[in-house]
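# Structural overview
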Amino acid sequence: MNKDVKNVEENRTNKKEMSRRSFLLGSTALAATAGVLAATAVPGVAKAADLGYKLNYEKGKPGQWSMMKPEADYGGINVNYVNHNKEWLGSTQITGEIPRYRQYDGGFMRSIRNELGPKSKYGTLSFDSRRYPLATGLATVYNNLATLCEGKPAQDKLPIPDPEKMSMNIKDVAYFLAADEVGIGLTPEFGPWESMITDKAGMMAGKPYEEVCKPNVVSAATHPYVIGILVDKHLETFLGSNGYDGISNSQSNRADMILSGIVISIAAYIRSLGYEAVASHQGKEYVVGTPVAIACGFGEQPRVLQATAHPRLGFRHKIACVLTNMPLAPDKPIEFGVKDFCRVCKKCAITCPAQAISYDDDEVVYNGYKRWNFDMEACLHFRTENEEGVCCAQCMKVCPWNSKEDSWFHKAGITIGANGSTSASLLVKIDDMFGYGTEVIPRFKWWLDWPELYKIKIPANN
Ligand code: SF4
Ligand code: SF4
């Protein structure tokens, strides 16, 4: 047993196990933002200077989601709200101290350091290259926006509304900028990377960790609020794809391209109001995505690792965020039955081409929290070495939360499915019967293919 896991298990024996349900509040989707927390005073944030500006921001109703969208859109699913506390992040149980991760230890970083072999290394390095030309075009945008994530706030603060109204305004701005969903959370202490890679070329050339990484400038103490943005990876494209063909990586890159523009704009907006704000996106990431997504109220951690299932979008999305010290009213994490559903479903485990996803009924303790077992190396090998396309999102395609058309069946189905194991089991059977998730619908196949480009080229001097 891994030493960290063993320590956590021992701690747990001395710790009274707390019921997840005891932390869940029984409110429904219509009560969405009645639960926003009153924002606490942020140390170091000075009051706006009285410069004589007048603010004409219209009041919404208390607890209103935004002016544009008065209620959060959970696609008709009833959700419960989870209080912010140290034992639970949404429906994820925290069993011990969760360490802050180093960006250096991430799977793709290990791959480009040749720790998974040359095929994986050159597969990863060619994700955004000419291996699929559209992916190159999309990655060009967010990679070139990496230098725009940080900046100095304006010296004079403009007047802003109270935290609840300012949060509504930020949500409206996000929708205005084409976000598919937005939520505001308290930055989890283990959300921001502990350190970030500053010299990727040096890392690949074999320089040691200390020479290629620097401590992260962002932490929960310096940037206590996180604004999360989701962009859908495009349902119609999933319907026309097998989940790991040529377009697969471009679906991520498309979402990342849109997200980078949104979060850079929101961060710059907040800095121009006089507050600290850093944009985190695929071109330059400051945080681990999953805990931030849960903290922002986007959903629950399903059987698939590094994913957050949203009631309407499933985990068919990508996330980017803005970290700030501007006082905001955070939303609460949500719960809507994903853990119970996954315990029965296992559809992703059955169809994963790498057999990386666990068939276990229950979660295990890992690094201070509970999650389903997952063979990350097997997943990484398949994603980086796949030559039938570029990358993989097969689990995303087949998951019943992600893969349906926006129909009455989807809404009825996942509502039934979220309410107990018998109905979840029935839903998975219906889902299979209709061929949902695994079907490839030719009329949605709009993209070009260059199968000869998908072969991974390993240089002779590797
Ligand atoms: S991305 Fe592909 S290989 Fe990885 S877990 Fe999902 S289906 Fe399996
Ligand atoms: S396919 Fe089933 S088991 Fe896998 S994440 Fe989706 S709901 Fe959970």
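In case you missed it, the structure is sitting above this.
Remember, it's a predicted structure, so these values are computed and weren't measured experimentally.

### So, the overall build of the chain
Scanning the chain for helices and strands turns up 16 helices and 13 strands. Looking at the 462 residues of the chain, the share that counts as buried comes to 55%. For the chain, contacts bridging at least 24 residues in sequence account for 81% of all contacts bridging at least 6. Total accessible area on the chain stands at roughly 20,400 Å², and carbon and sulfur atoms take up 55% of it.

### Remarks on the site of ligand 1
Neighbouring residues of ligand 1: Cys352, Pro353, Ala354, Ile357, Phe374, Cys379, Arg383, Cys392, Gln394 and Cys395. At the level of elements, helix H13 (376-385) and helix H14 (394-398) are the ones that each hand at least two residues to the shell around ligand 1. Split by residue class, the shell around ligand 1 holds eight nonpolar, one polar and one charged.

### Here's the deal with H13
When H13 is considered as a whole, its buried residues turn out to be Ala378, Cys379, Leu380, Phe382 and Thr384. Of the surrounding elements, those touching the buried residues of H13 are helix H2 (107-112) and helix H3 (118-125).

### Quick look at the site of ligand 2
Around ligand 2 lies a shell formed by Pro302, Arg303, Phe315, Phe341, Cys342, Cys345, Lys346, Lys347, Cys348, Cys399, Pro400 and Trp401. Within the residue set of the shell around ligand 2, elements represented by two or more residues are helix H11 (338-345) and helix H12 (347-351). At three residues, H11 tops the list of elements feeding residues into the shell around ligand 2.

### So, the packing of aromatic side chains
Tallied over the full model, the rule gives nine aromatic pairs. Measuring from ring centre to ring centre gives 5.3 Å for Phe341 and Trp401, while their planes differ by 70 degrees; the resulting arrangement is edge-to-face. Highlighted residues: Phe341 in helix H11 and Trp401 in the loop between H14 and helix H15 (408-417), separated in sequence by 60 residues. Taken individually, Phe341 and Trp401 each receive the classification buried, so the pair is uniform in this respect. Put simply, the rings of Tyr132, Trp450 and Tyr454 pair up and form one aromatic cluster. The ring of Trp65 carries Lys171 above its face, with NZ or CZ at 3.6 Å from the centroid.

### Regarding the nonpolar core
Ile170, Ile227, Ile229, Ile266, Ile270 and Met326 are the most contacted members of the largest nonpolar core, which totals 80 residues. For this core, the element with the highest residue contribution is helix H9 (residues 248-273), accounting for nine residues. Setting aside residues up to four positions removed in sequence, Ile270 forms contacts with Ile170, Ile227, Tyr275, Glu276, Ala277, Val322, Thr324 and Met326.

### Overview of the sheet that holds strand S5 (residues 181-186)
An order of S5-S8-S10-S9 is seen for the four strands of this open sheet, with the pairing classed as antiparallel. Across the chains shown, the open sheet's two edge strands, defined by having one partner strand only, are S5 and strand S9 (277-280). Averaged over all adjacent pairs, the angle separating strand axes in this sheet is 20 degrees, with direction ignored. Relative to strand S8 (residues 225-232), S5 runs antiparallel, the two sharing six bridges. Note that in S8 the partner of Ile184 across the bridge is Ile227. Seen against the sheet, H9 touches S8, S9 and strand S10 (317-324) and runs at an angle of roughly 150 degrees to S8.

About the thresholds
- Residues numbered from 1 in each chain as written.
- Chains lettered and ligands numbered in written order.
- Predicted model: local features only at pLDDT ≥ 70, side-chain atom pairs only at ≥ 80, totals over all residues.
- Heavy atoms only, no water.
- Helix = DSSP H or I, 4+ residues; strand = E, 2+ residues; numbered from the N terminus.
- Buried < 20%, exposed > 50% of the residue type's maximum accessible area, 1.4 Å probe, protein only.
- Contact = heavy atoms within 4.5 Å.
- Areas by Shrake-Rupley, 256 points an atom, 1.4 Å probe, with all protein chains shown as cover.
- Near = heavy atom within 4 Å.
- Nonpolar A, V, L, I, M, F, W, Y, C, P; charged D, E, K, R; others polar.
- Phe/Tyr/Trp six-rings, centres within 6.5 Å; stacked < 30°, edge-to-face > 60°.
- Lys NZ or Arg CZ within 6 Å of the ring centre and 35° of its normal.
- Core = buried A, V, L, I, M, F, W, Y, C linked by side-chain atoms within 4.5 Å.
- Pairing = 2+ DSSP bridges.
- Axes fitted to C-alpha atoms, helices over the stretch in contact; angles between N-to-C directions.

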